[in-house]
There are 2 protein chains.
Amino acid sequence: MTPTRPVYVVGGSHSTFLGRGHPDFVWRKHPDFGTRDNPGVEEHLATALQETWALTGVAPQAIDKVYVANFLGELFLRQGHLGALLPRVERGLSGKPIARVEAACASGSVAIAGCVDALQAGCDVALAVGVEIETVGEAMDGVDHMAAAAHVASERGHDRFLFPWLFARRAKAYKEAFGATSEDLGRVAVKAYANASRNPKAQMRTVSMTLEEARATSERNREFLDDEVLRPHIRLSDCTTFSDGASAVVLATQEGLYRLGIHKELCTQIRAIGHTVQPMGAVLDPRRMSNMAHAASIAYGDASITAADVDVAEVHDCFTIAELQITEALGLAELGQGAHLLRDGATALDGSVPVNTGGGLLGFGHPVGATGVKQTVEIWRQMKGHAGDYQLDRTLTHGVTANVGGDDRTAIVMVHRNVT
Amino acid sequence: MTPTRPVYVVGGSHSTFLGRGHPDFVWRKHPDFGTRDNPGVEEHLATALQETWALTGVAPQAIDKVYVANFLGELFLRQGHLGALLPRVERGLSGKPIARVEAACASGSVAIAGCVDALQAGCDVALAVGVEIETVGEAMDGVDHMAAAAHVASERGHDRFLFPWLFARRAKAYKEAFGATSEDLGRVAVKAYANASRNPKAQMRTVSMTLEEARATSERNREFLDDEVLRPHIRLSDCTTFSDGASAVVLATQEGLYRLGIHKELCTQIRAIGHTVQPMGAVLDPRRMSNMAHAASIAYGDASITAADVDVAEVHDCFTIAELQITEALGLAELGQGAHLLRDGATALDGSVPVNTGGGLLGFGHPVGATGVKQTVEIWRQMKGHAGDYQLDRTLTHGVTANVGGDDRTAIVMVHRNVT
């Protein structure tokens, strides 16, 4: 859809995404184990919100409508009803219309899409917040929780590690169809970790990943699927791991900006949203992300742009294969050519269309409910010069975010335009 | 908010709400136990959708946007991402923008509110669906799942039965403040079961409930809280029980009706929505529902009506005390006078402002995600003459739905107007 009333991204921020790999993350072998806890859901939310207010100058009282994106609060925390948790964290939001949305790993973009609708419906300032806590409990329980994004009744039995299995199926089909290699996939992880090393909020900011490590199985980079056929097609370095984090973004209409006293030159604009959903359990062609391609075609059409207009992209690299398939679904490369785009350096920070400049899901971290919100904030940060050590040094006119729920079952593509 | 583009309720339907008490519900002592299963989430959704298409003549292909309301799919079914489950049930919805919303027991009204926003944003036909499956697993696990609607970290310890405890606190405070009795509360249940006996889709349609049974503790009507102080203030008959069910409703703009070929005289109109959220764990005055009163004041103001204009209401009687407090929050009775309104027969089927004509949550059943959707469908059914044996026989101009999430933490009030 194309907003009739222009929608501006006023700005936003994230908490530091924490999990295994981050030096501050407390786990069994951490020196602080037993003396300090990791931040909880309320602390992550509070950090993202406080930084958003500070950065934008917007007060919570100015917000007309709020959506909170979260996937697995019930399973990881036994906590639902996060719409009513939010004003507990930020009392200035008390009395507002707030609700939680969920579309598995695409929840964050659903929150933004809901805010965009609200801004068409008469609201002038809206807030999208995403949050996830995933590092509590046993790791295998976490793996099981994530399976709730697929069709449990018919798909859960594929493998103990269901989502790695689903994306290993993609990796195998892609390699066989297009001659790609494990090295091509490894290169996605290497770029992600390299970008994350410049990003102080990234989970993997201090973790190094060389192509030699990423492309082959080793003690450190294990294969782990039960399925012997798919096992060689995915390794630890191909996967995101559990993350905790929150992200928040303020959106406003022209009237909203006026009320807030904010110049639109400080903003980006959401030009169009493509949001398409396909039935669970029915992926017909694992070589490509056809649902994502459909969402992209809607977004590009509604924004009157083509893939050639895209200057920067945030894409959903939950697994390495996903980044390659999404760059193709977005038309940044032809089908089967995503690996070449990457190898040629086009998606690097100094390339023609940088992808996942802050580290993406693999490097920045993937607290599921936060991810879609984070993507939109990252495009805003790049376009408005807030990206610090990973700031791109050229003019950016159009950016794209591509957020996936499940195995290409929910796809949401947004076209962002710089306002100058 | 008041829709700028008028929003029409085209119509909708429900699956039969099933659970303990319903003759078709299979449980351990049912004659069909072991030979037949209860319908699952996909079957309930399919029934609600198929009946909605049949009743309205709308085809799924005509829908522009969909919200699915669900609270506890992850905990009861280990299934999330219900937005992508829906096109599995109804292939005609494939490729649409669909997402799940959640605000505990107010989820259904959030879905409708999201659709209303979408209809302001350029969509012309929208679908809200609500669903919940609650009868699987152990009953005490189900009780624990429901606690996810409250602030788990600070409130879970109050009682094994957290929500009954929270509403017993309300019952005790209300009785002490206003001189109400257990008989006043029992009368809510008696009305609910009596209305349900006329409703073929109601869970309790064959269960009788006399005032003698409802007002006092007995072997059949036990007290069950651990908390000795609050224990006398709630009995089984004061509570909804676990239900499975789904409800669906089609909403459209004037342009949508034209496209569908539907005359607006077949519709009701959503005139205004009041949606307010207060922080979890911070109920200051259990004698009243102040957040619900706030939501009602917004909805009435935006619709330019007063409580005196309300002809029929669907209110969130998750516990008997809730119906009394909500009739007061809606201004149908003065504070503390809800019990008198009921005793005087004003809220009965032949009263001046019938409340919960199909049995409400206590009698019809309370599959949590479905409830808010069901309320709006029920107002439409009454206004358009679809209510069968519980059809009111007089002109209805304004109706109100009042949906609650948690302990008055999310409140959503909608004003519906008949279109003639």
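Everything below is about the structure shown above.
Being a predicted model, the structure only gives us computed values, none of them experimental.

Draft legend 1. Broad picture of the overall build of chain A. A count of helices and strands for chain A gives 15 helices and nine strands. For 420 residues, the compact-globule estimate of 2.2 N^0.38 gives 22 Å, and chain A sits close to it at 20 Å. Dimensions along the principal axes, computed over C-alpha positions, put chain A at roughly 60 × 50 × 40 Å. In chain A, which comprises 420 residues, the proportion classed as buried is 67%. For chain A, contacts bridging at least 24 residues in sequence account for 78% of all contacts bridging at least 6. Just so you have it, chain A exposes about 13,400 Å², and 50% of that area is on carbon and sulfur atoms. With 39 positive and 49 negative side-chain charges, chain A shows a spacing of 1 Å between the two charge centroids.

Draft legend 2. Fine view of the pairing of strand β4 (residues 125-132) of chain A. All names here are of chain A. Burial within β4 is extensive, with eight of its eight residues counted as buried. Burial along β4 is two-sided: the residues Val 125, Leu 127, Val 129 and Val 131 and Ala 126, Ala 128, Gly 130 and Glu 132 are all buried. For strand β2 (residues 65-69) and β4, the ladder comprises five bridges, and the chain directions are parallel. Within β4, the residue paired with Tyr 67 across the bridge is Ala 128. Taken together, the eight bridges between β4 and strand β5 (residues 245-252) define a ladder with antiparallel strand orientation. From the neighbouring strand, Ala 126 faces β5, where its bridge partner is Leu 251.

Draft legend 3. Quick peek at the interface of chain B and chain A. Listed by partner, the interface residues are 59 residues for chain B and 59 residues for chain A. Put simply, Glu 102 of chain B and Arg 100 of chain A hold a salt bridge, and the shortest N to O gap is 2.8 Å. Our enumeration of links across chain B and chain A arrives at 36 residue pairs in polar contact (both at pLDDT 80 or more). Listed by contribution, the elements that provide at least two residues to the side of chain B that touches chain A are β2 (65-69), α2 (73-77), α3 (82-89), β3 (98-102), α4 (107-120), α5 (139-146), α6 (152-155) and β6 (268-277) of chain B. The biggest single contributor to the side of chain B that touches chain A is α3 of chain B, with six residues. Sheet analysis places strand β3 (residues 98-102) of chain A next to β3 of chain B, joined by three bridges and oriented antiparallel. Bridging across to β3 of chain B, Val 101 of chain A finds its partner in Val 101 of chain B.

Draft legend 4. Just the pattern of salt bridges, in detail. A full pass over the atoms with the stated rule returns 48 salt bridges over all chains. The shortest N-O distance in the salt bridge between Lys 65 of chain B and Asp 117 of chain A comes to 3.2 Å. Of the two residues, Lys 65 of chain B is situated in strand β2 and Asp 117 of chain A in helix α4 (residues 107-120); the pairing between them involves two chains. Residue class for Lys 65 of chain B comes out buried when judged on its relative accessible area of 8%. Judged by its relative accessible area of 4%, Asp 117 of chain A falls in the buried class.

Draft legend 5. Local environment of unusual backbone geometry. One non-glycine residue, Asp 408 of chain A, lies in the positive phi region at around 60°. Inspection of the secondary structure puts Asp 408 of chain A in the loop between β8 (398-405) and β9 (410-418). Asp 408 of chain A sits in the buried class, given a relative accessible area of 0%. Positioned with a positive phi, His 81 of chain B is a non-glycine residue whose angle comes to about 55°. You can see His 81 of chain B is positioned in the loop between α2 and α3.

Draft legend 6. Quick peek at helix α7 (residues 162-178) of chain B. All names here are of chain B. In this model, α7 (17 residues) spans 24 Å end to end at C-alpha, consistent with the 24 Å of a helix rising 1.5 Å per residue. Among the 17 residues that make up α7, twelve are buried, leaving the element largely enclosed by the rest of the structure. Looking only at α7, the buried set comprises Leu 162, Phe 163, Pro 164, Trp 165, Leu 166, Phe 167, Ala 168, Arg 170, Ala 171, Ala 173, Tyr 174 and Lys 175. Next to the buried residues of α7 lie α5, α6, α8 (182-196), α12 (320-329) and α13 (338-343). Downstream of α7 by one or two residues, Gly 179 has phi in the positive range, about 75°.

Rules used in this analysis
- Residues numbered from 1 in each chain as written.
- Chains lettered and ligands numbered in written order.
- Predicted model: local features only at pLDDT ≥ 70, side-chain atom pairs only at ≥ 80, totals over all residues.
- Heavy atoms only, no water.
- Helix = DSSP H or I, 4+ residues; strand = E, 2+ residues; numbered from the N terminus.
- Rg over C-alpha atoms; globule rule 2.2 N^0.38 Å.
- Buried < 20%, exposed > 50% of the residue type's maximum accessible area, 1.4 Å probe, protein only.
- Contact = heavy atoms within 4.5 Å.
- Areas by Shrake-Rupley, 256 points an atom, 1.4 Å probe, with all protein chains shown as cover.
- Lys, Arg positive; Asp, Glu negative; His and termini not counted.
- Charge placed at Lys NZ, Arg CZ, Asp CG, Glu CD.
- Pairing = 2+ DSSP bridges.
- Salt bridge = Lys/Arg side-chain N within 4 Å of Asp/Glu carboxyl O.
- Polar contact = N/O pair within 3.5 Å; in protein donor to acceptor, adjacent residues only side chain to side chain.
- Expected span 1.5 Å × (residues − 1).

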